[in-house]
Amino acid sequence: MKALRQQLICVAACGLLAATAVASAGEKPARPLQDKASQEVLHAMSLSSTWGHPDEYGEFTGMQHFAAGNFKAAMKYFLIGARYADKLSQLSIGLMYLNGQGVKKDPVEAFAWVAMAAERKYPQFLATRDAIWAQLDAQQREQAKAQLEKLYPEYGDTTAKHR
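Residues numbered from 1 in each chain as written. Predicted model: local features only at pLDDT ≥ 70, side-chain atom pairs only at ≥ 80, totals over all residues. Heavy atoms only, no water.

**Student:** Can you tell me about the overall build of the protein chain, naming the residues and giving the values?
**Tutor:** A count of helical and extended segments in the protein chain gives 9 helices and 0 strands. Counting helices and strands in the order they occur from the N terminus, the protein chain gives α-α-α-α-α-α-α-α-α. For the protein chain, the proportion of its 163 residues judged to be buried stands at 46%. Considering only contacts in the protein chain between residues 6 or more positions apart, those separated by 24 or more positions represent 57%. (Helix = DSSP H or I, 4+ residues; strand = E, 2+ residues; numbered from the N terminus. Buried < 20%, exposed > 50% of the residue type's maximum accessible area, 1.4 Å probe, protein only. Contact = heavy atoms within 4.5 Å.)

**Student:** I'd like to hear about the packing of helix α3 (residues 54–67) against helix α5 (residues 87–99), residue by residue, with values.
**Tutor:** Contact geometry for α3 and α5: axes closest at 9 Å, N-to-C directions at 35°. Within the contact between the two elements, α3 uses Asp55, Gly58, Glu59, Met63 and Phe66 and α5 uses Leu88, Ser89, Ser92 and Met96. Classifying every residue of the contact of α3 with α5 gives 4 nonpolar, 3 polar and 2 charged. (Axes fitted to C-alpha atoms, helices over the stretch in contact; angles between N-to-C directions. Nonpolar A, V, L, I, M, F, W, Y, C, P; charged D, E, K, R; others polar.)

**Student:** Break down helix α4 (residues 71–83) for me, citing the residues and quoting the values.
**Tutor:** The first and last C-alpha atoms of α4 sit 18 Å apart over 13 residues, in line with the 18 Å expected at 1.5 Å per residue. Here α4 has its buried residues at Ala73, Ala74, Met75, Tyr77, Phe78, Gly81 and Ala82. Those residues of α4 that are buried are in contact with α3, α5, α6 (107–117), α8 (138–155) and α9 (157–160). Positioned one or two residues after α4, Ala85 has a phi angle of 65°, which is positive. (Expected span 1.5 Å × (residues − 1).)

**Student:** Requested: an account of the nonpolar core, with residues and values cited.
**Tutor:** Of all hydrophobic cores here, the largest spans 30 residues; its most connected members are Phe78, Leu91, Ile93 and Trp113. Contributions of two or more residues to this core are made by α3, α4, α5, α6, α7 (123–135) and α8. It is α6 that provides the largest number of residues to this core, a total of 9 residues. Setting aside its immediate chain neighbours within four residues, Trp113 contacts Leu79, Ala82, Gln90, Ile93, Gly94, Tyr97, Leu151 and Tyr155. (Core = buried A, V, L, I, M, F, W, Y, C linked by side-chain atoms within 4.5 Å.)

**Student:** Tell me about the packing of α6 against α8, and name the residues and values.
**Tutor:** In helix packing, the relevant descriptors are the interaxial angle and the interaxial distance, both defined with respect to the helix axes. Relative orientation of the contacting elements α6 and α8 amounts to 45°, with a least axis distance of 8 Å. One way to sum up the angle between α6 and α8 is to call them oblique. Where α6 crosses over α8, the handedness of that crossing is right-handed. Here Pro107, Val108, Glu109, Phe111, Ala112, Trp113, Ala115 and Met116 of α6 lie close against α8, whose contacting residues are Gln140, Gln143, Ala144, Gln147, Leu148, Leu151, Tyr152 and Tyr155. (Parallel < 35°, antiparallel > 145°, perpendicular 65-115°, else oblique. Left-handed = near helix turned anticlockwise from the far one by under 90°.)

**Student:** Give me the lowdown on the pattern of salt bridges, citing residues and values where you can.
**Tutor:** All told, the structure shown has 6 salt bridges when counted by the stated rule. As a salt-bridge pair, Arg129 and Asp130 come within 2.9 Å of each other at their nearest N and O atoms. The salt bridge involving Lys145 is made with Glu142; its shortest N-O contact spans 3.0 Å. With Lys145 and Glu142 both in helix α8, this residue pair falls 3 residues apart, about one helical turn. Through salt bridges that share partners, Lys87, Glu119, Arg120 and Asp157 make up one connected network. (Salt bridge = Lys/Arg side-chain N within 4 Å of Asp/Glu carboxyl O.)

**Student:** Describe the packing of aromatic side chains, with residues and values.
**Tutor:** Going through the model one piece at a time under the given rule, you end up with 4 aromatic pairs. Judged by centre distance (4.9 Å) and plane angle (45°), the rings of Phe111 and Trp133 are tilted. With Phe111 in helix α6 and Trp133 in helix α7, this residue pair connects regions lying 22 residues apart in the sequence. Residue Phe111 is classed as buried on the basis of its relative accessible area of 7%. Overall, Trp133 belongs to the partly exposed group, its relative accessible area being 25%. The cationic tip of Arg83 hangs over the ring face of Tyr84; the distance from NZ or CZ to the ring centre is 5.9 Å. (Phe/Tyr/Trp six-rings, centres within 6.5 Å; stacked < 30°, edge-to-face > 60°. Lys NZ or Arg CZ within 6 Å of the ring centre and 35° of its normal.)

So, to be careful, I would describe these as geometric facts and stop short of saying anything about function.
Following this line, the structure appears as structure tokens:
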């Protein structure tokens, strides 16, 4: 089951990251999670029990809403997953802020959430964090560091993994 979960995370994260790369290049972002592989991931998520796993519940339900274009609902569920240290949920929140999907576009908030997601040093998450950082000016970088410090006590592994 753990191997399947890692595959789900990889495929879903790649879909989100691909949409972000397009959006960052100034092009209209493609609807993420609409290709065959992503649809298979969403189907697998819908068949997986999340009973007793609020992190997976938030992630899986958030992904389903995101794929349907219901960004406000996706954010609601990603926040649930994020509170239980789900790194894909945290990454998704950051990317939604980066692209202004269901929230006002905010690169400072995007960096803070993506940096939180990169806490476990997943290579793609680190690369995304670094790419956002490179786009921030000095004042935004200070704001982003301060915002990350505010998020960490609630969403960092030290606290959130133990819930």
